[in-house]
Amino acid sequence: MPIVSQKGKAMPESPIRKLVPFAEKAAKEGKHIYHLNIGQPDIKTPIEAMEAVKNHKLDVLAYSHSAGFESFRRKLAGYYAKHDITISSDDILITTGGSEALIFTMGSITDPGDEIIVPEPFYANYYSFSTQSTVTVVPVISKLETGFALPSIQEFEKLITPKTKAILICNPGNPTGYLYSKEEIQQLSRLAIKYDLFLISDEVYREFVYDDSEHYSILQEKDLDEHAIVVDSVSKRYSMCGARIGCMVSKNKSVMETAMKFAQARLSPPTFAQIASEAALEAPDSYYKETVAKYKSRRDTLVAGLRDIPGVKVASPKGAFYCIVELPIEDSDHFAQWLLDEFDVNKQTVMLAPASGFYSSPNEGKNQVRIAYVLNRRDLKTAINILRLGLEKYNSL
């Protein structure tokens, strides 16, 4: 019989979604599940976005330009200007989610067998996208003990080979919540220039920074124009995950011309989603402030609760809405499945994302999970208590 490809076999399962069958089974058994496994915000999407779709005047749902609506790209350039990032609409390519932006980026700058250095733990789909693109991910490990700070530049230099094409970071980070400082970004920028590499920054959580910290983009580095590529998205910024609209941003004309060929091959990004995303840019500043305040409060509740559980270790994230948590267990995959399959507190349980799927290095993250603090504070407190009781029972078996 015909067989599937080696590339298909190599595609990793999502650590975020692979436990879904167990969650579905638990739900059918009448259990209420607190989802700490996935970054699906419960924040309302800006009313401006919803109203724009509701009140559209289209008679034909037609293709857009392959680069996306020009009006949308102009407004995005204005959005970036508010963040001290000077770009034009021609430096922006609208994509079907940040995922497609990263796939276009890898397709535009790498050939099969090329390498991209990525600090780990990293967003699990980076590994999936690199597999699709036949690119090798070369990990440089960051540690919970340092809050997942940027590894030393010397560690990066040790990994650079003739096949190295880029360094990829997520800032603020998924799954760690780490926010790279201006100094760390400048260190990476100098390294990219020194070795003639691309520096790719996934900045979809740009607004979500806490404790009076500030986000610093690679696009603010004046000498990095030919090296810098930013991946962005409306998914988390406006709680519009289902819109599947993102963008690729770079001043490197050759890169953007190449990416356009990929964009033309998929014809155009979705029209209604662009209408909603363009309108979301009209949301008042209060929308961001209220959203960030909610996540900061949730972060504080989660971190305090986790640190009260014996044997649990967690670094306080400075951005995004995730954290990596070390548990007093040996196998988080087994524990996460057990919570869904065999454990409940008054017919309630929690769903976690095992952290091993956020590493490409063997045996890393086996006793860690990623938690997304996208639930309200009351539900977070309940979920933390369920986790505490679950750990007690699991370790007594």
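In case you missed it, the structure is sitting above this.
Residues numbered from 1 in each chain as written. Predicted model: local features only at pLDDT ≥ 70, side-chain atom pairs only at ≥ 80, totals over all residues. Heavy atoms only, no water.

Describe the pairing of strand 6 (residues 198–202), with residues and values.
Most of strand 6 is tucked away, with five of its five residues classed as buried. Alignment of strand 5 (residues 164–170) against strand 6, held across five bridges, turns out to be parallel. Within strand 6, the residue paired with Cys170 across the bridge is Asp202. Handedness of the crossover is the feature at issue here: the chain leaves strand 5, passes through helix 8 (residues 182–194), returns alongside strand 6, and the resulting connection is right-handed. For strand 6 and strand 7 (residues 228–233), the ladder comprises four bridges, and the chain directions are parallel. In the sheet register, Ser201 faces strand 7, and the bridge partner there is Val230. (Buried < 20%, exposed > 50% of the residue type's maximum accessible area, 1.4 Å probe, protein only. Helix = DSSP H or I, 4+ residues; strand = E, 2+ residues; numbered from the N terminus. Pairing = 2+ DSSP bridges. Right-handed = clockwise from strand over helix to strand, strands pointing away.)

So what about the sheet that holds strand 6? Which residues, and what values?
One open sheet accounts for seven strands, arranged 2-8-7-6-5-3-4; its pairing is mixed. Each edge of the open sheet carries a strand with a single partner, namely strand 2 (92–95) and strand 4 (136–141). Adjacent strand axes in the sheet meet at a mean angle of 25 degrees, parallel and antiparallel pairs treated alike. By the bridge criterion, six bridges tie strand 3 (residues 115–120) to strand 4 in an arrangement that is parallel. Each bridged residue has a counterpart across the sheet, and for Glu120 the counterpart in strand 4 is Ile141. Across the sheet, helix 5 (residues 97–109) is in contact with strand 2, strand 3, strand 5, strand 6, strand 7 and strand 8 (246–249); its angle to strand 7 comes to roughly 160 degrees. (Axes fitted to C-alpha atoms, helices over the stretch in contact; angles between N-to-C directions. Contact = heavy atoms within 4.5 Å.)

How would you sum up the environment of Ala228? Please name residues and give values.
Its place among the elements puts Ala228 in strand 7. Each C-alpha atom, one on Ala228 and one on Ser189, is 8.5 Å from the other, the two residues being 39 residues apart in sequence. Filtering out sequence-adjacent residues up to four positions away, Ala228 remains in contact with Leu199, Ile218, Leu219, Val249 and Ser250.

For the layout of surface pockets, give the residues involved together with the corresponding values.
Each pocket or cavity is described by its volume, and for the largest pocket that value is around 540 Å³. Considering the residues around the largest pocket, the lining is formed by 29 residues, among which Ser99, Tyr123, Asn125, Lys236 and Arg244 are closest to the centre. Listing elements by their share of the lining of the largest pocket, those giving two or more residues are helix 5, helix 6 (125–132) and strand 7. Counting residues per element, the lining of the largest pocket draws most heavily on helix 5, which supplies four residues. Residue classes in the lining of the largest pocket are distributed as 14 nonpolar, ten polar and five charged. Considered as a void within the structure, the second largest pocket measures approximately 430 Å³ in volume. Looking at the lining of the second largest pocket residue by residue, the class counts come to five nonpolar, four polar and eight charged. (1 Å grid on protein atoms, 1.4 Å probe; cavity = no way out; pocket = protein on both sides within 12 Å on 5 of 7 lines; lining within 4 Å. Points joined across faces, edges and corners; volume = space filled by probe spheres on them. Nonpolar A, V, L, I, M, F, W, Y, C, P; charged D, E, K, R; others polar.)

How would you summarise the sheet that holds strand 9 (residues 313–314) if you had to cite specific residues and measurements?
Spatially, four strands are ordered 9-10-13-12 in an open sheet, and the strand pairing comes out antiparallel. Whereas interior strands pair on both sides, the edge strands pair on one side only; in this sheet they are strand 9 and strand 12 (353–354). Relative to strand 13 (residues 368–372), strand 10 (residues 322–326) is paired through five bridges, and the arrangement is antiparallel. Pairing of Val325 across the sheet is with Val369, part of strand 13.

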